[in-house]
Structure formats: C-alpha cells, structure tokens
Amino acid sequence: MALGGAPVSEADLALYQSLFDTSSTWKRLLPVGQAQANNSQQACYQDNFRQSGSVKRLGDDQSVAYSAEDYLPGLNQSLLVTTLEDRLIGLGPVAVTRHFEPVSAPQLYVYQPGDNQHSQYRLPVSVNVYEGDEAWLYRAFVDDDQAPVDCFDLVFNKQDATHANDGRLFYAGNQGLMAVNYTPLVLHANNDTTYHAREHR
C-alpha cells in the first residue's frame, strides 16, 4: 500500500521535538489517568497502547452516559477525513471529553484508490490522549498486527478541535515503515460520510 511520505529514517519527525522541548510544558506526559514513563515524547510506533479504563458511575458500576456539553467542541462521535495518495482515509467515531478522555471505539477506514464508496481496510484502533498546556495529542494504535497501518498521532490546539494542527501516520510500505503527514478535517457525525477525494487534499 502506498500513502506517500518517506521511510521513518528519512521522514520529517520534527513534530515530536517541537511538542516536547523545554519550552513546551505538558501538564501530563501520559494518557489521562495514568502516572508513569513519558513515552509520549516518542512517536507512536515507538510506544504501546496503555489501557486507562472506562469511567464508571459510583454505586452501580455502569459506564457514564455523556451529554453533548461533556465533549470537546466538534469531537462528539465525529468523523475525521483526509486523502493520502488518492485514497480517502476516514476515522470515526471520534469522541473526546473536556477532561481529555477518549470515550469512543473508532475505526480507521482506508478506501480503494480513487473509490470513495468501498473501503479496502476497516481497522479498529485503541486510543491514548495526552494533555498539554496549549495542545493535546490523540494517539491511536491499530489493533490488527497484520494491518498495513501501524499507528498515528494527531495534534490539536486546545482552542480549536475542528482540524488537526499536525500529525503523522505510520504504515508499512515498499521501503519499510513509512511516515506521512496526516492532518484530517473534523466532520460532524450527522454529515454525509461519502466525499469526493479531491475535496480533502
């Protein structure tokens, strides 16, 4: 599969240096709700998913039901879309609370080249979120070891979650592990999820 970019040994990964240099103080260097090593300073392909547990109600141990105002604006069961090398890439549903807790079970959809109707891959992902002072990191790991996509990182500004400011997606290509810039648009869940690829270049 070809999604563009470059081998990780040659790719532009300055994103990670700029996120975690001494002038960028993060409130948490770990997924929300945990407190150990600072693996968030690495790219996602150097990290592993860490289960943080779902939020439960006291008394009956049932999962919390969230209302619309509990979510970050724009990230209430939303769809993220972009195009890489003429392939539509979709991610959803994406839901993150105002406390930076990921509370959905999204899937990554990779469509056939030039075909926005039929997905070639439908890949479940597991998500960790890292909170900073001015930005936050959405880190997703593909759960299928045989899948061509390994993981991806998305950086959002705290004041605007309508699109990712920066990001990288890592996948298996002809030259080994590849890294490609990945900055999808955020679409609301009630929008039409079929789009022409050229609209999201």
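Quick caveat, the model's predicted, so the values are computed rather than measured.

Caption draft 1: A look at the sheet that holds strand E6 (residues 135–142). Reading across from one edge, E1-E9-E8-E7-E6-E5-E4-E3-E2-E10 is the order of the 10 strands in this open sheet, with antiparallel pairing throughout. The two strands at the open ends of the sheet, each matched to only one other strand, are strand E1 (6–7) and strand E10 (185–187).

Caption draft 2: The side chain of Asp-47, seen in detail. Relative to the helices and strands, Asp-47 is located in the loop between helix H1 (14–19) and strand E2 (78–84). At a separation of 2.9 Å, a polar atom in the side chain of Asp-47 contacts the side chain of Arg-50.

Caption draft 3: Quick look at the environment of Arg-50. Inspection of the secondary structure assignment puts Arg-50 in the loop between H1 and E2. Overall, Arg-50 belongs to the buried group, its relative accessible area being 15%. The spacing of Arg-50 and Asn-128 is 78 residues in sequence and 7.1 Å in space, taken between C-alpha atoms. Only 3.3 Å separates the side chain of Arg-50 from the backbone oxygen of Asn-48, close enough to count as a polar contact.

Caption draft 4: Looking closely at the pairing of strand E8 (residues 166–173). Inspection of the sheet shows strand E7 (residues 149–157) paired to E8 by 6 bridges, in the antiparallel sense. Residue pairing in the sheet places Val-155 in a bridge with Asp-166 of E8. As paired elements, E8 and strand E9 (residues 176–181) share 6 bridges and run antiparallel to each other. Within the sheet, the bridge partner assigned to Ala-172 lies in E9 and is Leu-177. The loop that links E8 with its antiparallel partner E9 comprises 2 residues.

Caption draft 5: Expanded view of the packing of aromatic side chains. All chains considered together, the criterion is met by 5 aromatic pairs. Judged by centre distance (4.7 Å) and plane angle (15°), the ring pair of Trp-136 and Phe-156 falls under stacked. Linking Trp-136 in strand E6 with Phe-156 in strand E7, this pair joins segments that are 20 residues apart in sequence. An identical accessibility class is assigned to Trp-136 and Phe-156; each is buried. Ring geometry for Phe-152 and Tyr-182: centres 5.2 Å apart, planes at 75°, overall edge-to-face. With Phe-152 in strand E7 and Tyr-182 in the loop between E9 and E10, the pair connects residues that are 30 residues apart, well separated along the chain.

Basis of the calculations
Residues numbered from 1 in each chain as written. Predicted model: local features only at pLDDT ≥ 70, side-chain atom pairs only at ≥ 80, totals over all residues. Heavy atoms only, no water. Pairing = 2+ DSSP bridges. Helix = DSSP H or I, 4+ residues; strand = E, 2+ residues; numbered from the N terminus. Polar contact = N/O pair within 3.5 Å; in protein donor to acceptor, adjacent residues only side chain to side chain. Buried < 20%, exposed > 50% of the residue type's maximum accessible area, 1.4 Å probe, protein only. Phe/Tyr/Trp six-rings, centres within 6.5 Å; stacked < 30°, edge-to-face > 60°.

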